[in-house]
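# Structure at a glance
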Amino acid sequence: MTQRSPRNLELADFLRRARGKVDATRTGLPYDGRIRRVPGLRREEVALRAGVSTDYYTRLEQGRRITPSEGVLDALARALGLDQAGRAHLLDLAGNAAYAPGRRTPSVPRVRPGLRQLLDSFASNPAFITNRRSDILASNALARALLADFEAMPARARNYTRWMFLDDAARTLFVDWDEQARAAVEGLRLAVGADPGDRSAQELVAELSTASEHFRTWWEEHGVFLRTYGTKRLQHPVVGELAVQYESLTLPGDSDQILFVYSTEPASASRQALDLLASWALTPAS
């Protein structure tokens, strides 16, 4: 019997789910008269679009121990219409296909003093730094006022995705909680695919899969998402409704640390709300 590694099975699952999401009517494939009983492309159609044999692609979806070349992976990414995050995840899974899961404990991440000073310099903008599995490594005062005081939490709880699913305050804060929570799951999926030996990430996934049906459902869908920019809508308990735009920057010299900065439209109601929150956050407690 051909053995299948966990990483090969992860690759197979991702390919099957990606294939099922493709709208066959938009691919330009000729109609062959057969009724489609399930959504998405058939295996032979993916193989045709990627320029590989159906047998080869079928073995990939079966989780066989084969490692496709980068050229084949690029062709599969195009055939499946993968975006930047999906292509990166495909390459990660294929590159890690022979990986034997271990119990590597990552080193304790440390934010340089200069980066902490940079965070604090964003007095009018919430800003924080995470690692790829969404641990909050540092945050400024306005980020703590807008989202949560992560630095006051136990070290194990300082994780954006964990907070999103296990803290009721997060559900109340985000008007578009479903959208933001799903993006957090898909970002974590991307991180786990890139570093399958991260035991802390594995433990986080196991905890959230047990504690949250939403997390478990979205995790099993195997979607991936790269958070680079976007908008979040919030209903803050102190300043009310506001919308913030975020930008994320991978820090030079440490690719595992990501800087997030939130901003608002100038002279908007959201800007006024954020200014009020900044004033409230910086007022000493009496």
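Reading the values: the criteria
Residues numbered from 1 in each chain as written. Predicted model: local features only at pLDDT ≥ 70, side-chain atom pairs only at ≥ 80, totals over all residues. Heavy atoms only, no water. Helix = DSSP H or I, 4+ residues; strand = E, 2+ residues; numbered from the N terminus. Contact = heavy atoms within 4.5 Å. Areas by Shrake-Rupley, 256 points an atom, 1.4 Å probe, with all protein chains shown as cover. Axes fitted to C-alpha atoms, helices over the stretch in contact; angles between N-to-C directions. Left-handed = near helix turned anticlockwise from the far one by under 90°. Nonpolar A, V, L, I, M, F, W, Y, C, P; charged D, E, K, R; others polar. Parallel < 35°, antiparallel > 145°, perpendicular 65-115°, else oblique. Pairing = 2+ DSSP bridges.

Helix and strand counts for the chain come out as 13 helices and five strands. Restricting to contacts in the chain with at least 6 residues of sequence separation, those with at least 24 account for 58%. Here the chain displays about 14900 Å² of accessible surface, and carbon together with sulfur accounts for 52% of that area.

Between two packed helices, both the angle of their axes relative to each other and the distance between the axes serve to describe the pair. Direction vectors running N to C along helix H4 (residues 70-79) and helix H5 (residues 84-95) enclose 145°, while the axes themselves pass 10 Å from each other. Crossing handedness for the pair H4 and H5: right-handed. When H4 is examined against H5, the residues Glu70, Leu73, Asp74, Leu76 and Ala77 are found in contact with a partner set consisting of Arg87, Leu90, Leu91 and Ala94. Partitioned by chemical class, the residues of the contact of H4 with H5 number six nonpolar, no polar and three charged.

What follows is about the packing of H5 against helix H10 (residues 177-194). Relative orientation of the contacting elements H5 and H10 amounts to 30°, with a least axis distance of 8 Å. Taken together, H5 and H10 sit at an angle that is classed as roughly parallel. The two elements H5 and H10 meet at a crossing, and its hand is left-handed. Two secondary-structure elements touch here, H5 through Ala85, His89, Asp92 and Leu93 and H10 through Arg189, Leu190, Gly193 and Ala194. When its residues are assigned to classes, the contact of H5 with H10 shows four nonpolar, two polar and two charged.

Take the sheet that holds strand E3 (residues 229-236) next. Whenever strands of a sheet pair, they do so through backbone hydrogen bonds, lying parallel or antiparallel. Spatially, E2-E1-E5-E4-E3 is the arrangement adopted by the five strands of the open sheet, whose pairing is antiparallel. Because the sheet does not close on itself, it has two edges, and the strands there are strand E2 (136-139) and E3. For this sheet, the mean inter-axis angle between neighbouring strands, taken without regard to orientation, is 25°. With six bridges joining them, strand E4 (residues 240-250) and strand E5 (residues 258-263) adopt antiparallel strand pairing. Residue Thr250 lies in a different strand from E5, and its bridge partner there is Ile258. On the sheet, helix H13 (residues 269-282) packs against E3 and E4 and is oriented at approximately 85° with respect to E4.

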